[in-house]
Amino acid sequence: MRLSRFFLPILRDDPKEAEIVSHRLMLRAGMIRQSSAGIYSWLPLGHRVLRKIEQIVREEQDRAGALELLMPTIQSADLWRESGRYDDYGKEMLRIQDRHERDMLYGPTNEELITAIFRDGVKSYKDLPRILYHIQWKFRDEIRPRFGVMRGREFLMKDSYSFDLTQEGARRSYNRMFVAYLRTFARMGLKSIPMAAETGPIGGDLSHEFIILADTGESEVYCHKDYLSMEAPGADLDYDADLAPLVQSWTGKYAATSEMHDVARFEAEVAETDRVTARGIEVGHIFFFGTKYSEPMGAKVQGPDGELIPVEMGSYGVGVTRLVGAIIEASHDDAGIIWPQSVAPFDVGLINLKAGDTDTDAACETFYARLQQAGLDVLYDDRDDRAGAKFAAMDLIGLPWQLIVGPKSLKAGEVELKERATGERHSLTFDSALSMLTAAAAGRAKEDA
RNA sequence: CGGGGCAUAGCGCAGUCUGGUAGCGCACCUGCUUUGGGAGCAGGGGGUCGCAAGUUCGAAUCUUGCUGCCCCGACCA
């Protein structure tokens, strides 16, 4: 993509309404614009990141055996009356009427809808277990939206729902999603830690929040320091194997958000030198809720003995739009965003330091073509602008690599390759730079495999 | 929903107290000079001053009502 043809409305000054760093940077980098409180338009740069995150989530869901579908944003109130939540949900739910004055709502979540779909389509225990998911816009009329896309009213969410015959089966589904989440967040360059969360109506230990650590995170978290060095399972993981030991290894030590924090337990279970107190952002939440919806809504299957059994369900959410902000909170510096390679809107920014100079232009055109041929996503800054302005813009939007091409280095037969994360710059031939870049991209592809 | 604040050009702001027909920086357009970390000079374009009513010869400025947005708290992926 040539920057001269792209839509990238960068702001030099901080918009005053943006308090936290991710919100400021997203506005300044031309990723989003606010439409109204807690509702945002995603501009091309932001949209690219959103799609990349969505795709990683999708791939890991698929890998774990979940099946993608797509449910509507607008739902009928009748379904919610079946579960009893129409009256319980309160003002967070956006209620609307169609032209026939039928009560409708903009879905804040999809338990009712998925349960209805499931109940109409599945009658036998032989069709279990299943995990279904979709990635869809939700609306929750938060009392006070804030922090940009981190707590918007309209947000993109991946929500999965598991259906099992027994609680033991539900635990296996839960473990699948648990492990899928470890991989999902790791692929985005995030350190995520599962933390025990408030258990639902069923109780038990099947509820976890996935927290990523960021200095500017909204909640205080406490955990054993071993979690910081644990590696998410690799791509060779067999989801059909018994995942319980793996889940156990990620839940065996102390980890809690401030709501669940128990100082006495923390101090008893974790040696003083192993205690970590940090700040975190919740990016995923998984829980088991048994027959809460299947019972009242009649989602039952026939068991081997012919009896009707309400299915055991769980639900598993990932805040896709929130992740965009969360990644920035976890990865930025004074100059701007620092995208992990896997979610970066482009792999590399090609900077023409002297647009209009025949030799430099020609070299850049060649490099641009060759980078693309190598399968790299390139943002080519071909604008006639000052070097400083180009550096500043490229640092702000945070592409992982900058390939800097100017007459001086060209004369020496070289280009400069700058790594955004470290600021390190290497002078080298274009061919060497190209192999470094393709190696970095290959590394990313390998993680994905 | 309680408390506080803001609303003037794309962004950041001044002007409001003391009414006289809108200004600054950045961004944008044109030209010249510049050119490796947000250049200089000159010339330009862009605003129903959030909306509505009122007071007045005259309202960004005063009065009343409304709306939107932000911050702090209770709630959340």
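Residues numbered from 1 in each chain as written. Chains lettered and ligands numbered in written order. Predicted model: local features only at pLDDT ≥ 70, side-chain atom pairs only at ≥ 80, totals over all residues. Heavy atoms only, no water.

Q: Sorry if this is basic, but what is going on with the overall build of chain A here?
A: Helix and strand counts for chain A come out as 15 helices and 23 strands. Here chain A has a C-alpha radius of gyration of 24 Å; the compact-globule value for 449 residues is 22 Å, and the two agree. Here the C-alpha coordinates of chain A stretch approximately 80 × 60 × 40 Å along the principal axes. By sequence separation, contacts in chain A at least 24 residues apart represent 71% of the contacts at least 6 residues apart. (Helix = DSSP H or I, 4+ residues; strand = E, 2+ residues; numbered from the N terminus. Rg over C-alpha atoms; globule rule 2.2 N^0.38 Å. Contact = heavy atoms within 4.5 Å.)

Q: Where do I start with the packing of helix 1 (residues 21–28) against helix 11 (residues 320–330) in this structure?
A: Each pair of packed helices can be described by the angle between their axes along with the distance between the axes. Packing of helix 1 against helix 11 leaves a shortest axis separation of 8 Å and a crossing angle of 105 degrees. As summarised for this structure, helix 1 and helix 11 are arranged roughly perpendicular, according to the angle between their axes. Of the residues in helix 11, those in contact with Val21, Ser22, Leu25 and Met26 of helix 1 are Val324, Gly325, Ile328 and Glu329. Grouping the constituent residues of the contact of helix 1 with helix 11 by class yields five nonpolar, two polar and one charged. (Axes fitted to C-alpha atoms, helices over the stretch in contact; angles between N-to-C directions. Parallel < 35°, antiparallel > 145°, perpendicular 65-115°, else oblique. Nonpolar A, V, L, I, M, F, W, Y, C, P; charged D, E, K, R; others polar.)

Q: Please explain the pattern of salt bridges as it appears in this structure.
A: Working definition: two side chains of opposite charge can pair if their charged atoms are close together. Taken as a whole and assessed by the stated rule, the structure comprises 33 salt bridges. With a shortest N-O distance of 2.9 Å, Asp98 and Arg102 are connected by a salt bridge. Take Asp98: its relative accessible area is 23%, and that puts it in the partly exposed class. Looking at Arg102, the relative accessible area reads 48%, which means it is partly exposed. For Asp395, the salt bridge goes to Lys418, with nearest N and O atoms at 3.0 Å. Here Asp395, found in helix 13 (residues 387–397), pairs with Lys418, found in strand 22 (residues 415–419); they are 23 residues apart in sequence, far enough to count as distant. Lys418 carries the same exposure label as Asp395, and that label is buried. Bridged by salt links that share partners, the residues Glu59, Glu60, Arg63, Arg183 and Arg187 form one connected network. (Salt bridge = Lys/Arg side-chain N within 4 Å of Asp/Glu carboxyl O. Buried < 20%, exposed > 50% of the residue type's maximum accessible area, 1.4 Å probe, protein only.)

Q: Would you explain the pairing of strand 21 (residues 401–405) in this entry?
A: The side chains of a regular strand alternate between both faces of the sheet. The element strand 21 is largely enclosed, with a buried count of five among its five residues. Here strand 21 shows a buried face lined by Trp401, Leu403 and Val405 and a second buried face lined by Gln402 and Ile404. Summarising the sheet, strand 19 (residues 348–352) and strand 21 pair through five bridges and their orientation is parallel. If you follow Asn352 over to strand 21, its bridge partner there is Val405. Summarising the sheet, strand 21 and strand 22 pair through four bridges and their orientation is antiparallel. Each residue of the ladder has a partner; that of Trp401, found in strand 22, is Glu419. (Pairing = 2+ DSSP bridges.)

Q: Help me understand the protein's contact with RNA strand B, please; the structure alone is not making it clear to me.
A: The environment of RNA strand B is made up of 43 residues, and the closest members are Arg12, Arg144, Asp395, Glu416 and Arg425. Expressed as a percentage, the sugar and phosphate content of the atoms of RNA strand B within 4 Å of the protein is 43%. Within the backbone of Glu17, a nitrogen or oxygen atom sits 3.3 Å from a sugar or linking oxygen of RNA strand B. Between a base oxygen of RNA strand B and a side-chain N or O atom of Arg28, the distance comes to 3.2 Å. Going through the elements one at a time, strand 1 (32–36), strand 8 (154–164), strand 13 (275–290), helix 13, helix 14 (407–411) and strand 22 are the ones with two or more residues in the surface near RNA strand B. Broken down by element, the surface near RNA strand B gets its largest block of residues, six residues, from helix 13. Split into classes, the residues belonging to the surface near RNA strand B amount to 13 nonpolar, nine polar and 21 charged. (Near = heavy atom within 4 Å. Polar contact = N/O pair within 3.5 Å; in protein donor to acceptor, adjacent residues only side chain to side chain.)

Q: Sorry if this is basic, but what is going on with the layout of surface pockets here?
A: Sizing a probe to match a water molecule and rolling it over the atoms shows the empty space that remains. Quantified by volume, the largest pocket comes out at close to 1,200 Å³. In this structure, the largest pocket is lined by 45 residues; those nearest its centre are Arg140, Met157, Glu282, His285 and Arg322. When residues of the lining of the largest pocket are traced back to their parent elements, those giving at least two are helix 4 (85–88), strand 8, strand 10 (207–213), strand 13, strand 16 (312–319) and helix 11. The greatest single-element share of the lining of the largest pocket, amounting to six residues, is contributed by strand 13. (1 Å grid on protein atoms, 1.4 Å probe; cavity = no way out; pocket = protein on both sides within 12 Å on 5 of 7 lines; lining within 4 Å. Points joined across faces, edges and corners; volume = space filled by probe spheres on them.)

Q: Help me out: how do you make sense of the confidence of the model for chain A in this one?
A: A residue-level look at chain A finds 98% of positions with pLDDT of 70 or above and a mean pLDDT of 93. Reported for the predicted complex are a pTM of 0.96 and an ipTM of 0.93. (pLDDT = per-residue confidence, 0-100.)

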